[in-house]
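Breakdown of the fold
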Amino acid sequence: MHKTNRFTRTLIASAALITTFTAAGTAAAADTWPSKTIRFVVPFSAGGANDLMARAAAEGASKVLGQTVLIDNRPGAGGTVGAEVVARSAPDGYTFLISAAGVISNSMIKKSIPFKDDALVPVVMIGLAPSVIVVPKSSPYNTLREFVDASKKGNGFNFATAGTGSTPHFVAEILNVKYGAKLQSIPYKSGGESTTAVLGGQVEGTSEASIIALPHIVGEGKFKPLATTWTQRISAYPQLSTATEQGFPDLQIAHWAGVHAPKGTPPAIMDKVAAAVDQAMRDPATAARLKSVGIEPIGGTRAEFVKFVDAERRRLGEIVKAAKMQEK
């Protein structure tokens, strides 16, 4: 009995010692970080809203952290290809994902994804490009209310999307589920193809990120904007009212970009990344540059982004189930 107790005490002491060494090692790693190039994996092609926000965050964070932040574009499968790269990376603080709504909704919609939701941990919001609901300039509808009411008649309207689970798809289904619209989602390969479909009159409308939609709206543009679907008006186009202002308070969605880390990344490192990105988004020159093209810089803390991601998961999950958006 005496020997057993001694053996047990030895095991407990050894475990405590290992825990102490592990904690000390993690703290030391955070203290010396970053000692080499940091990689931001963008799960989309260069030039889109997610990529532009990633580059602004990388440039600003690099100055704050005193280390190069490299952009690595890994497009494919609605963002899943790039997300998997990060999910399978070492949690050492040198690889991060520039996340989008798909990091929340893909597992709800797709038959399978190659990693679990908890393999990626929220770090910080970068910014967002509000979605804009648009119709051809020749369309008879001037408000979102007119468009939704008209869609309820006959066979309804065709609404272009960038595929299952894309932001335009959620816009259509929120209007269908919450407000009784009759919008048939027509999937295209990209937002660019959706834009072409609207301009060519193949569909009655779509929603697209402000950075893509605004060039087709301002001046003698070929789009007629009906509403923006974020909580506030677009800084670069404040004359356009929000869906909430027009009586659609549940239609709140945007093309956002954030930073996610592989599970196990030291919290101290994630806090440093969050602080660096937040500082970058508050830089007047960076903020002005982003706002000029329709992007709203956000930043904030790690806790704020975790709260946002959790709320979006609950809200979008409700729409996925109600609209039966799961891939068959």
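Criteria and thresholds
Residues numbered from 1 in each chain as written. Predicted model: local features only at pLDDT ≥ 70, side-chain atom pairs only at ≥ 80, totals over all residues. Heavy atoms only, no water. Salt bridge = Lys/Arg side-chain N within 4 Å of Asp/Glu carboxyl O. Helix = DSSP H or I, 4+ residues; strand = E, 2+ residues; numbered from the N terminus. Core = buried A, V, L, I, M, F, W, Y, C linked by side-chain atoms within 4.5 Å. Buried < 20%, exposed > 50% of the residue type's maximum accessible area, 1.4 Å probe, protein only. Domains from an automatic or database assignment. Contact = heavy atoms within 4.5 Å. Buried area = accessible area lost by both parts, 1.4 Å probe. 1 Å grid on protein atoms, 1.4 Å probe; cavity = no way out; pocket = protein on both sides within 12 Å on 5 of 7 lines; lining within 4 Å. Points joined across faces, edges and corners; volume = space filled by probe spheres on them. Pairing = 2+ DSSP bridges. Nonpolar A, V, L, I, M, F, W, Y, C, P; charged D, E, K, R; others polar.

Moving on to the pattern of salt bridges. Taken as a whole, this structure holds 14 salt bridges when the rule is applied. Between Arg74 and Asp72 there is a salt bridge whose closest N-O contact spans 3.2 Å. Here Arg282 makes a salt bridge to Asp278, at a shortest N to O gap of 3.0 Å. With Arg282 and Asp278 both in helix α9 (residues 267-282), this residue pair falls 4 residues apart, about one helical turn. Each of the salt bridges in this network shares a partner with another, and the network as a whole consists of Arg39, Asp72 and Arg74.

Membership of the largest hydrophobic core comes to 48 residues, with the highest contact counts inside it found for Leu144, Leu175, Leu251 and Trp256. Shared between two domains, this core holds at least three residues of each, these being domain 1 (38-129 + 254-323) and domain 2 (130-246). Among residues more than four places away in sequence, those in contact with Leu251 are Ile133, Leu144, Val171, Ile174, Leu175, Tyr179, Thr229 and Ala243. Phe40, Leu65, Ile126 and Val259 belong to the second largest nonpolar core, which has 36 residues in total.

On to the domain arrangement of the protein, then. Partitioning the protein into structural domains gives domain 1 (38-129 + 254-323) and domain 2 (130-246). Computed from C-alpha coordinates alone, the two centres of domain 1 and domain 2 are separated by 25 Å. Counting residues at the interface gives 22 residues for domain 1 and 21 residues for domain 2. Counting each side, the surface lost to burial between domain 1 and domain 2 is near 1800 Å², with a carbon and sulfur contribution of 72%. Looking only at domain 1, the three residues that lose the most surface to domain 2 are Ala254, His255 and Ile319, adding up to 30% of its buried area. The tally of links between domain 1 and domain 2 comes to 1 salt bridge. Its salt-bridge partner being Glu318, residue Lys178 comes within 2.8 Å of it at the nearest N-O pair.

Our next topic: the side chain of Ser210. Looking at the secondary structure, you find Ser210 in helix α8 (residues 210-213). Looking at Ser210, the relative accessible area reads 0%, which means it is buried. Setting aside chain neighbours within four positions, we find Ser210 in contact with Ala129, Pro130, Val132, Pro215, Ile234, Val293, Gly294 and Ile295.

Right, let's get into the layout of surface pockets. Put simply, the largest pocket is a space of about 890 Å³. Along the wall of the largest pocket there are 39 residues; nearest its centre are Phe44, Ala162, Ser166, Gly191 and His255. Among the secondary structure elements, those contributing two or more residues to the lining of the largest pocket are α2 (49-65), α4 (102-109), α6 (167-179), α7 (191-199), β7 (205-209) and β9 (254-262). For the lining of the largest pocket, the leading source of residues is α2, giving 4 residues. Residues from two domains meet in the lining of the largest pocket; each of domain 1 (38-129 + 254-323) and domain 2 (130-246) gives at least three.

The omega torsion across Trp33 and Pro34 is 0 degrees, close enough to zero to call that bond cis. In this structure, Ala77 is a non-glycine residue whose phi angle is positive, near 55 degrees. Inspection of the secondary structure puts Ala77 in the loop between β2 (69-73) and α3 (80-87). Non-glycine residue Lys324 carries a positive phi angle of around 55 degrees. Along the polypeptide, Lys324 turns up in the segment after α11 (302-323).

Burial within β7 is extensive, with 5 of its 5 residues counted as buried. Pairing geometry for strand β4 (residues 120-136) and β7, over 4 bridges, is antiparallel. In the strand pairing of β7, Ile133 is matched with Ser207. Here 2 bridges tie strand β5 (residues 157-161) to β7, and the two strands are oriented parallel to one another.

Bringing empty space enclosed by the protein into the picture now. This model, assessed by the stated rule, comprises 3 cavities of 30 Å³ or more. Around the largest cavity sit 15 residues that line it, and Gly79, Ala83, Gly102, Val103 and Asn106 are the ones nearest its centre. Elements with a minimum of two residues in the lining of the largest cavity: α3, β3 (95-99) and α4. Looking at the lining of the largest cavity, the element that brings in the most residues is α4, giving 3 residues. Considering only residue class, the lining of the largest cavity consists of 8 nonpolar, 6 polar and 1 charged. Estimated volume of the second largest cavity: approximately 40 Å³. Residues of the lining of the second largest cavity, tallied by class, amount to 3 nonpolar, 1 polar and 2 charged.

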